[in-house]
Amino acid sequence: MLTLGLIGYGTVARGIVSAFPPDSIGWIALLRDGASPALPANVRAVTRLDMLIGARPKAVMEAAGQEAVASYVPAILEAGIPTVIASIGALCDPALADRIATIRRKGGARAVLPAGALGGLDYLRAIAALPDARVRYTSRKPPSAWQAELATLGLSAEHEELMLFEGTPDEATRAYPKNLNAAFAVALAAGVGKVTVRVIADPKATGNTHEIEAESAAGTASFRFTNAPAPDNPKTSALTALSLVAALGELLDVEGLR
Ligand SMILES: NC(=O)C1=CN([C@@H]2O[C@H](COP(=O)(O)OP(=O)(O)OC[C@H]3O[C@@H](n4cnc5c(N)ncnc54)[C@H](OP(=O)(O)O)[C@@H]3O)[C@@H](O)[C@H]2O)C=CC1
Ligand SMILES: O=C([O-])CC(=O)C(=O)O
């Protein structure tokens, strides 16, 4: 049986675990002290990083949040265990991004950045070389997905769409740490300075929509992903777990994990 690690056991982690037959993988999940989510029989909870590393999983899937990336991922990579990172926005901290790059240069394991809730990143990586390239990323979700943010701003988007945010990928990722990882994936692919980010609450949105509009000497492109929300978390696209599973299959080059 293959042993794999998880950081966190929420919506995305549950989606990852349920993508595999229970008898094919034994999961070790690093949880916060005191956390007690319902776990299937093939998921064992640990509350200390050394216990996760000591179990020698073949790879770890981070699906907890940006703070968890900063707290745990460098040590896991230093221990030679490759890690697929969902909370890509953590890399807007240049010190953390440098630390992870240095670990890799010194022979540590690979940090894998999946496409997550969107796609088309290969196109953005290609035009990143062009100085005139400009990319606009828009996260458009129904008001129900932005309830807390609308309440904080004292606004309602019941009838008309409402722009909640417009700014740089760094500002966006800091302002929406749990929800704009996709924006930072776009920024890492195209180049942080080439990307502007918008967040829109849209009563007409039928799913979690990610729009990418790109313009450069190579031409123009527009991508639109209308994602079904995960059943138990309207802010997270169900696609995210599928993308992490695909990245894991590629990383381990294991038949049946592709
Ligand atoms: N790249 C992409 O496109 C996307 C990335 N994401 C990222 O994936 C993350 C997970 O998403 P989702 O599953 O929907 O979120 P959930 O809130 O459903 O689950 C996150 C889980 O991680 C746990 N957790 C948080 N911090 C820690 C920690 N330091 N140590 C251990 N466990 C921790 C939480 O526990 P507790 O409740 O105790 O805090 C919770 O159970 C998001 O925060 C986001 O960063 C999500 C969607 C798309
Ligand atoms: O799942 C989504 O639609 C996007 C998301 O939460 C993120 O980018 O963090």
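Residues numbered from 1 in each chain as written. Chains lettered and ligands numbered in written order. Predicted model: local features only at pLDDT ≥ 70, side-chain atom pairs only at ≥ 80, totals over all residues. Heavy atoms only, no water.

- As annotated in an unreviewed UniProt entry, the protein is L-aspartate dehydrogenase from Mesorhizobium robiniae.
- In UniProt, the protein has this text filed under Function (unreviewed entry): "Specifically catalyzes the NAD or NADP-dependent dehydrogenation of L-aspartate to iminoaspartate."
- Of the comments in the UniProt record for the protein, the one headed Pathway (unreviewed entry) reads "Cofactor biosynthesis; NAD(+) biosynthesis; iminoaspartate from L-aspartate (dehydrogenase route): step 1/1." (UniProt positions renumbered as here; feature names shortened; annotations may be inferred.)

Side note on the overall build of the protein
Right, on to step 1. Of regular secondary structure, the protein possesses nine helices and 13 strands.
Right, on to step 2. Whereas a compact globule of 258 residues would reach a radius of gyration of roughly 18 Å, the protein reaches 18 Å, a difference of no more than 12%.
Right, on to step 3. Dimensions of the protein, computed from C-alpha atoms along their principal axes, come out at roughly 50 × 40 × 35 Å.
Right, on to step 4. Looking at the protein residue by residue over its 258 residues, the buried ones come to 51%.
Right, on to step 5. For the protein, restricting intrachain contacts to residue pairs at least 6 apart in sequence, the fraction spanning at least 24 positions comes to 65%.
Right, on to step 6. When the accessible surface of the protein is split by element, carbon and sulfur atoms take 53% of a total near 12200 Å². (Helix = DSSP H or I, 4+ residues; strand = E, 2+ residues; numbered from the N terminus. Rg over C-alpha atoms; globule rule 2.2 N^0.38 Å. Buried < 20%, exposed > 50% of the residue type's maximum accessible area, 1.4 Å probe, protein only. Contact = heavy atoms within 4.5 Å. Areas by Shrake-Rupley, 256 points an atom, 1.4 Å probe, with all protein chains shown as cover.)

Re the site of ligand 1
Right, on to step 1. Near ligand 1 there are 23 residues, and of these Val 12, Arg 32, Ala 86, Ser 87 and Thr 236 occur at the shortest range.
Right, on to step 2. Tyr 72 is positioned with one of its side-chain polar atoms (N or O) 3.4 Å from a nitrogen atom of ligand 1.
Right, on to step 3. Considered on its own, ligand 1 offers 930 Å² of accessible surface; in the complex 81% of this is hidden by protein.
Right, on to step 4. Of all the secondary structure elements, the ones that give two or more residues to the shell around ligand 1 are α1 (11–17), α3 (66–78) and β13 (233–237).
Right, on to step 5. Of the residues assigned to the shell around ligand 1, the class counts are ten nonpolar, ten polar and three charged. (Near = heavy atom within 4 Å. Polar contact = N/O pair within 3.5 Å; in protein donor to acceptor, adjacent residues only side chain to side chain. Nonpolar A, V, L, I, M, F, W, Y, C, P; charged D, E, K, R; others polar.)

Notes on the side chain of Glu 149
Right, on to step 1. In this structure, Glu 149 sits in helix α6 (residues 147–153).
Right, on to step 2. Residue classification places Glu 149 among the buried residues on the basis of a relative accessible area of 18%.
Right, on to step 3. Excluding anything up to four places from it in sequence, Glu 149 contacts Leu 164, Tyr 176, Asn 179 and Lys 235.

Some details on the domain arrangement of the protein
Right, on to step 1. Split into domains, the protein comes out as domain 1 (2–113 + 239–252) and domain 2 (121–227).
Right, on to step 2. When each unit is reduced to the centre of its C-alpha atoms, the spacing between domain 1 and domain 2 is 25 Å.
Right, on to step 3. With ten residues of domain 1 at the interface, the matching set in domain 2 holds nine residues.
Right, on to step 4. Buried surface at the junction of domain 1 and domain 2, both sides included, amounts to about 720 Å², of which 66% is carbon and sulfur.
Right, on to step 5. Three residues stand out in domain 1 for area buried against domain 2, namely Gln 66, Ile 88 and Cys 92, and they jointly supply 60% of the buried area on that side.
Right, on to step 6. Run the count over domain 1 and domain 2 and you get three residue pairs in polar contact (both at pLDDT 80 or more).
Right, on to step 7. For the side of domain 1 that touches domain 2, the residue count by class is six nonpolar, three polar and one charged. (Domains from an automatic or database assignment. Buried area = accessible area lost by both parts, 1.4 Å probe.)

Section: the nonpolar core
Right, on to step 1. Counting residues in hydrophobic clusters, the biggest one holds 53 residues, and the most contacted among them are Leu 124, Val 135, Tyr 137 and Val 186.
Right, on to step 2. The element contributing the most residues to this core is helix α8 (residues 181–190), with eight residues.
Right, on to step 3. Domain assignment of the residues forming this core places at least three in each of domain 1 (2–113 + 239–252) and domain 2 (121–227).
Right, on to step 4. Sequence-distant contacts of Tyr 137, defined by excluding residues within four places in its chain, comprise Leu 118, Leu 180, Ala 182, Ala 183, Val 186, Thr 196, Val 197, Arg 198, His 210, Glu 211 and Ile 212.
Right, on to step 5. If you look at the next biggest cluster of nonpolar residues, it comprises 26 residues, including Leu 6, Val 12, Ala 59 and Leu 244. (Core = buried A, V, L, I, M, F, W, Y, C linked by side-chain atoms within 4.5 Å.)

As for the side chain of Thr 240
Right, on to step 1. Secondary-structure assignment places Thr 240 in helix α9 (residues 239–252).
Right, on to step 2. On the basis of relative accessible area, Thr 240 is assigned to the buried category, the value being 12%.
Right, on to step 3. Side-chain polar atoms of Thr 240 contact the backbone oxygen of Ser 237, separated by 3.0 Å.
Right, on to step 4. Not counting the four nearest positions on each side in its chain, Thr 240 is found in contact with Val 12, Gly 116 and Ala 117.

So, the site of ligand 2
Right, on to step 1. Around ligand 2 there are 13 residues in total, and Asn 179, Asn 181, Ala 182, His 210 and Ser 237 lie nearest to it.
Right, on to step 2. One of the side-chain nitrogen or oxygen atoms of Asn 181 is found 2.9 Å away from an oxygen atom of ligand 2.
Right, on to step 3. One of the side-chain nitrogen or oxygen atoms of Ser 237 is found 2.6 Å away from an oxygen atom of ligand 2.
Right, on to step 4. Here ligand 2 loses 94% of its free accessible area of 270 Å² to cover by the protein chains.
Right, on to step 5. Structurally, ligand 2 is housed in the largest pocket.
Right, on to step 6. Top element by residues in the shell around ligand 2 is β13. It accounts for three residues.
Right, on to step 7. Tallied by class, residues from the shell around ligand 2 come to three nonpolar, seven polar and three charged. (1 Å grid on protein atoms, 1.4 Å probe; cavity = no way out; pocket = protein on both sides within 12 Å on 5 of 7 lines; lining within 4 Å. Sits in = over half its atoms within 2 Å of the grid points.)

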